[in-house]
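Topology and contacts: notes
Read off the chains here:
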Amino acid sequence: MIIDPVTLIVALVTISTPVLLAALGELVVEKAGVLNLGVEGMMIMGAVCGFIVANLTGSPTLAFLAGMAGAAALSAIFAVLTQFLMSNQVATGLALTLFGLGLAALLGVGYEGQPIPDVAKPLPEMLRTIPVIGPIFLGHDLVTYIAIFAVFAIWYVLKHTRLGLIIRAVGESHDAAHALGYKVIRIRFAAILFGGAMAGLGGAFLSVVYVENWVQGMTAGAGWIALALVVFAAWKPGRVLFGAWLFGGIAALQLRLQAAEIGVPVALLDASPYLVTIIVLVIMSSDRARTALNAPAALGKTFHATG
């Protein structure tokens, strides 16, 4: 079986989009000094909310907005618990994932296999049918383009704007930022909501565009991959894009290898994207000094205003 590189690249971009969106949101959250391990729970909440609204209204736009809103609401719970009630961020994030998975399973009862509308492509069909260039660059849905645009937008905001400077200041030293008059809790709360909305958009993309169905547990660890990609990328948006495409490329390739019925166990092929991601993450993180240098200094630390 000969694997068509054009269709492989198209599949790569599509598969990587949910992980890319969630990882970009988590990157902003961690840049603000908060470690939210609830990405998986927020993604599955976005997936179920988006699919339900797509089925009930027939509007993909409302579906994506519902996915963002549902995940943002879940992230707001995390924000209240960690920023106001000062609960442990790691434990609260893990609880958020478990809660999100359970709540999504409950909300999704009866929606498996229900019809939803097709998501229209923003560019004309004449452009999408251009050989090679059309499918790779011009044949995607709007959310895919938004995800790629978000990479550059987040990079620019964090590096070249006052807002980005404030977010980075809060993530590096919340006490110093507080002394300068910045509302640390308010900034972190907003960052957490943004991260939740991005994870929700990724989840809605998964159910409404990629799978076009609701299946319990359909995120299948994508939230954990998004968390790993942030570390792999050394908290840099451009590297998040590379990492997401690496994951998507391996996932797309293993699906084609399964179709070719090569002599490799299916379970091993299914696990290959996660195994490669873990291996790359270990290699990239082997230099602890460099990893610690890139990580926000106040990451995961609870802020308590003293005055």
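None of the values given here were measured: they were computed from a predicted structure.

Focus: the overall build of the chain
Counting secondary structure elements, the chain contains 14 helices and zero strands. Along its sequence from the N terminus, the chain presents helices and strands in the succession α-α-α-α-α-α-α-α-α-α-α-α-α-α. In terms of its C-alpha atoms, the chain occupies a principal-axis envelope of roughly 65 × 45 × 40 Å. For the chain, with 307 residues in total, the buried portion stands at 48%. Long-range contacts, defined as pairs at least 24 residues apart, comprise 78% of the intrachain contacts of the chain with a sequence gap of at least 6. Where the 15 positive side-chain charges of the chain centre and where its 14 negative ones centre are 17 Å apart.

So, helix H8 (residues 162-172)
Taken together, the buried positions of H8 are Gly164, Ile166, Ile167, Val170 and Gly171. End-on, the buried residues of H8 take up no more than an arc of 160°, which puts them together on one face. On its buried face, H8 is in contact with helix H1 (5-31), helix H7 (142-160), helix H9 (174-179) and helix H10 (184-210).

What to know about the nonpolar core
Judged by nonpolar contacts, the single largest core of 73 residues is most densely connected at Leu20, Leu24, Val39 and Trp214. At 13 residues, H10 tops the list of elements feeding residues into this core. Ignoring any residue separated from it by four or fewer positions in sequence, one finds Leu20 in contact with Ala147, Ile148, Val151, Val240, Leu241 and Ala244. Leu8, Ala11, Ile15 and Ala252 belong to the second largest nonpolar core, which has five residues in total.

Description of the packing of helix H2 (residues 39-57) against helix H11 (residues 222-232)
Packing of H2 against H11 leaves a shortest axis separation of 7 Å and a crossing angle of 130°. Comparing the axis directions of H2 and H11 gives the class oblique. Like other packed secondary-structure pairs, H2 and H11 cross with a definite hand, here right-handed. From H2, Val39, Glu40 and Met43 reach across to H11, where they touch Ala222, Gly223, Trp224, Ala226 and Leu227.

Some details on the environment of Tyr156
Among the secondary structure elements, Tyr156 is positioned in helix H7. Separated by 81 residues in sequence, Tyr156 and Pro237 have C-alpha atoms that sit 9.5 Å apart.

Observations concerning the environment of Met68
Along the chain, Met68 falls in helix H3 (residues 60-84). Residue Met68 is classed as partly exposed on the basis of its relative accessible area of 25%.

Looking at the packing of aromatic side chains
In this description, a pair of aromatic rings is defined by centroid distance and the angle of the planes. Taken as a whole and assessed by the stated rule, the structure comprises two aromatic pairs. The interplanar angle of 20° and the centroid separation of 6.2 Å between the aromatic rings of Phe232 and Phe242 together place this pair among those described as stacked. On the criterion of sequence distance, the pair formed by Phe232 in helix H11 and Phe242 in helix H12 (residues 237-259) is long-range, its members being ten residues apart. Owing to a relative accessible area of 8%, Phe232 belongs among the buried residues under this scheme.

Observations regarding a nonpolar patch on the surface
Nonpolar side chains collect at one region of the surface, where Ile77, Val80, Leu81, Phe84, Leu85 and Phe99 lie side by side and expose about 550 Å² of accessible area between them. Ranked by the residues each element gives to the nonpolar patch, the list is headed by H3, at four residues. Of note, Phe99 is situated in helix H4 (residues 89-107).

Examining the environment of Leu229
Here Leu229 shows up in helix H11. With 207 residues separating them in the primary sequence, Leu229 and Ala22 have C-alpha atoms 9.8 Å apart. Setting aside anything within four residues of it in sequence, one finds Leu229 in contact with Val19, Ala23, Val240, Gly243 and Ala244.

Regarding the packing of H8 against H10
Axis separation between H8 and H10 bottoms out at 10 Å; the angle between their running directions is 110°. Relative to H10, the element H8 is oriented roughly perpendicular. In this structure, H8 uses Ile166, Ile167 and Val170 to contact H10, whose residues at the interface are Val184, Ile187 and Arg188. Grouping the amino acids of the contact of H8 with H10 by side-chain chemistry returns five nonpolar, no polar and one charged.

So, the side chain of Thr14
Its place among the elements puts Thr14 in helix H1. By relative accessible area, Thr14 is classed as buried at 18%. Setting aside chain neighbours within four positions, we find Thr14 in contact with His140, Phe205 and Tyr210.

The rules behind each value
Residues numbered from 1 in each chain as written. Predicted model: local features only at pLDDT ≥ 70, side-chain atom pairs only at ≥ 80, totals over all residues. Heavy atoms only, no water. Helix = DSSP H or I, 4+ residues; strand = E, 2+ residues; numbered from the N terminus. Buried < 20%, exposed > 50% of the residue type's maximum accessible area, 1.4 Å probe, protein only. Contact = heavy atoms within 4.5 Å. Lys, Arg positive; Asp, Glu negative; His and termini not counted. Charge placed at Lys NZ, Arg CZ, Asp CG, Glu CD. Arc of directions from axis to C-beta. Core = buried A, V, L, I, M, F, W, Y, C linked by side-chain atoms within 4.5 Å. Axes fitted to C-alpha atoms, helices over the stretch in contact; angles between N-to-C directions. Parallel < 35°, antiparallel > 145°, perpendicular 65-115°, else oblique. Left-handed = near helix turned anticlockwise from the far one by under 90°. Phe/Tyr/Trp six-rings, centres within 6.5 Å; stacked < 30°, edge-to-face > 60°. Patch = residues over 30% accessible without salt bridge, like charges linked within 9 Å, V, L, I, M, F, W, Y side chains within 5 Å. Areas by Shrake-Rupley, 256 points an atom, 1.4 Å probe, with all protein chains shown as cover. Salt bridge = Lys/Arg side-chain N within 4 Å of Asp/Glu carboxyl O. Nonpolar A, V, L, I, M, F, W, Y, C, P; charged D, E, K, R; others polar.

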